[in-house]
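Structure assessment
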Amino acid sequence: MALLLCIEAGTDIGSVALAKNDRLLSLRESCESRQHAQNLAVYVEEILRENDLDAKDLDAVAVGMGPGSYTGLRICVSLAKGICYGAGIPLIAVGSLEALTRVALEDYEAGILNVDDISDAILLPMIDARRMEVYTQLFDAQGQPLTEVSAEVVDAGSFSTWRAKGPFVIFGSGAAKCADVLSDAVLVHVAPSARGLARLAQTAFDGGDFADLAYFEPFYLKDFVVTTSRKKLF
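What counts as what
- Residues numbered from 1 in each chain as written.
- Predicted model: local features only at pLDDT ≥ 70, side-chain atom pairs only at ≥ 80, totals over all residues.
- Heavy atoms only, no water.
- Salt bridge = Lys/Arg side-chain N within 4 Å of Asp/Glu carboxyl O.
- Helix = DSSP H or I, 4+ residues; strand = E, 2+ residues; numbered from the N terminus.
- Buried < 20%, exposed > 50% of the residue type's maximum accessible area, 1.4 Å probe, protein only.
- Pairing = 2+ DSSP bridges.
- Axes fitted to C-alpha atoms, helices over the stretch in contact; angles between N-to-C directions.
- 1 Å grid on protein atoms, 1.4 Å probe; cavity = no way out; pocket = protein on both sides within 12 Å on 5 of 7 lines; lining within 4 Å.
- Points joined across faces, edges and corners; volume = space filled by probe spheres on them.
- Nonpolar A, V, L, I, M, F, W, Y, C, P; charged D, E, K, R; others polar.

This paragraph deals with the pattern of salt bridges. Throughout the structure, instances matching the rule amount to 8 salt bridges. For the salt bridge of Arg-195 with Glu-106, the shortest nitrogen-to-oxygen distance reads 3.4 Å. In this pair, Arg-195 sits in the loop between strand 10 (186-187) and helix 5 (198-206) while Glu-106 sits in helix 3 (residues 96-109), placing the two residues 89 residues apart along the sequence. Arg-195 serves as the salt-bridge partner of Asp-107, at 2.8 Å between the closest nitrogen and oxygen. With Asp-107 in helix 3 and Arg-195 in the loop between strand 10 and helix 5, the pair connects residues that are 88 residues apart, well separated along the chain. Owing to a relative accessible area of 9%, Asp-107 belongs among the buried residues under this scheme. Via salt bridges that share partners, Arg-28, Glu-46 and Glu-50 belong to a single interconnected network.

Strand order in the open sheet formed by 5 strands is 3-2-1-4-5, with mixed pairing between adjacent strands. Sheet topology places strand 3 (23-30) and strand 5 (91-94) at the edges, where each strand pairs with a single neighbour. Ignoring strand direction, the axes of neighbouring strands in this sheet form an average angle of 20°. Where strand 1 (residues 3-8) lies against strand 2 (residues 14-20), 6 bridges are found, and the strand directions are antiparallel. If you follow Ile-7 over to strand 2, its bridge partner there is Val-16.

To find the voids left in a structure, one rolls a probe of water-molecule size over its atoms. In this structure the tally under the stated criterion is 1 cavity of 30 Å³ or more. Empty space within the largest cavity amounts to approximately 60 Å³. Together, Glu-8, Thr-11, Ser-96, Ala-99, Leu-100, Val-103, Ile-127, Pro-192 and Ser-193 line the largest cavity. Broken down by element, the residue count for the lining of the largest cavity peaks at 4 residues, all from helix 3. Counted by class, the lining of the largest cavity contains 5 nonpolar, 3 polar and 1 charged residues.

Okay, structure coming up:
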């Protein structure tokens, strides 16, 4: 019976959830990406307090490991590591695209996903990576990965082999900009959420699949590039 704190902040959405045996107990989230450093810590404190818990009562902390925003991932992982170090509990790393797919499947199970039937669908979560590039990975209708995580510049020929196999469902922060290019795809609204980590984290916990607390780093997929501002400061 694992009590898990889940944190996801690889996009504009910052989210914290508490789950027990993959059942959601509490959830806090916002879309203020510039406030992740402040909001996430507050959400953790609020969730622990409302459930009358201390960090040491947790069995582990699960974190969305990316890919996604460099800054958001750094904040998310740093907070998770700090809690784990202080409480002496393990860290669980969950792929953010897999967690996003889990949110889509849970929304479908709840009847709130705007699609009639995904039983034979190919699922394509997309995290925006600027311009027409996205971080993505293909999944089947059970949430099992069909490809590795990749950065893709999307055009009309992208994913053509998979699109021919049946319903092709796209979602996530990078999906809307690709909908016109992938004209045969079904676009549905699914937002990243820490609740998507819960079931995956429970499976990892049961299998003893923990990240190395000292050396774990987020999965950025691409190197962080510092750009020079075009604004004249002086």
